[in-house]
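Each chain, letter by letter, is given below.
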Amino acid sequence: MFAVIKTGGRQYRVVPDDVLEVGKIEGEVGSIIQLNEVLVVGGDTPVLGLPTVAGASVAVEVLDHKRGPKVIAFKKRRRKNSRRKRGYRDEITVLRISEILTDGAKPTKGPRPKREKVVKEPVTEAAE
């Protein structure tokens, strides 16, 4: 099953367990939020929305908030001694799609537990 969602003025085709980067969305890291603007729900019988599918939503887990790559806009007018340099970095939210919900259902899956780091014990040499 797949869905086409709209967030931040862009559309994304998603399936469960996808990880994607979208424009900044409010939410705590590790929490589950619902995105309600679902344009298409696909599968055996695809459902198209007019403009959105009624009762459909996508449950996502917020993995991280970060900043995108640096973008520099440089303008120069030749022979006029005029230069303007302007830059910015987008705010990005990293999401994991947990499930695609239809008919007004609530999310059943919670956030995934974090993996614990495995610490290797140092190997000691045997004294002779």
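The structure contained in this document is the topic of the report that follows. Keep in mind it's a predicted model, so treat the numbers as computed, not measured.

### Quick look at the pattern of salt bridges
On inspection of all chains with the given rule, the structure shows three salt bridges. Glu-61 is the salt-bridge partner of Arg-96, the closest N and O atoms lying 3.4 Å from each other. On the criterion of sequence distance, the pair formed by Arg-96 in strand β8 (residues 82–101) and Glu-61 in strand β7 (residues 57–77) is long-range, its members being 35 residues apart. When sorted by exposure, Arg-96 lands in the same class as Glu-61, which is buried.

### What about the sheet that holds strand β3 (residues 19–23)?
Strand order in this open sheet of four strands is β3-β8-β7-β4, and the pairing throughout is antiparallel. Of all strands in the sheet, those bounded by a partner on one side alone are β3 and β4 (32–35). Between one strand axis and the next, the sheet turns through 45° on average, direction left out of account. Where β7 meets β8, 18 bridges bridge the pair, whose relative direction is antiparallel. Note on β8: the bridge partner recorded for Asp-64 is Val-94.

### Topic: the pairing of strand β1 (residues 2–7)
Looking at chain direction, β1 and strand β5 (residues 38–42) are connected through four bridges and run antiparallel. Along β5, the bridge assignment pairs Val-4 with Val-40. Where β1 and strand β2 (residues 10–14) come together, five bridges link them in antiparallel fashion. Directly across from Lys-6, in β2, lies its bridge partner Gln-11. Connecting β1 to the antiparallel partner β2 that follows it, the hairpin turn spans two residues, and Gly-8 within it adopts a positive phi of roughly 65°.

### With respect to the sheet that holds β1
Pairing between the strands of a sheet is mediated by backbone hydrogen bonds and can be parallel or antiparallel. With respect to topology, four strands assemble into an open sheet ordered β2-β1-β5-β6, the strand pairing being antiparallel. Edge positions in the sheet fall to β2 and β6 (47–48), since each of these pairs with one other strand and no more.

Reading the values: rules and limits
Residues numbered from 1 in each chain as written. Predicted model: local features only at pLDDT ≥ 70, side-chain atom pairs only at ≥ 80, totals over all residues. Heavy atoms only, no water. Salt bridge = Lys/Arg side-chain N within 4 Å of Asp/Glu carboxyl O. Helix = DSSP H or I, 4+ residues; strand = E, 2+ residues; numbered from the N terminus. Buried < 20%, exposed > 50% of the residue type's maximum accessible area, 1.4 Å probe, protein only. Pairing = 2+ DSSP bridges. Axes fitted to C-alpha atoms, helices over the stretch in contact; angles between N-to-C directions.

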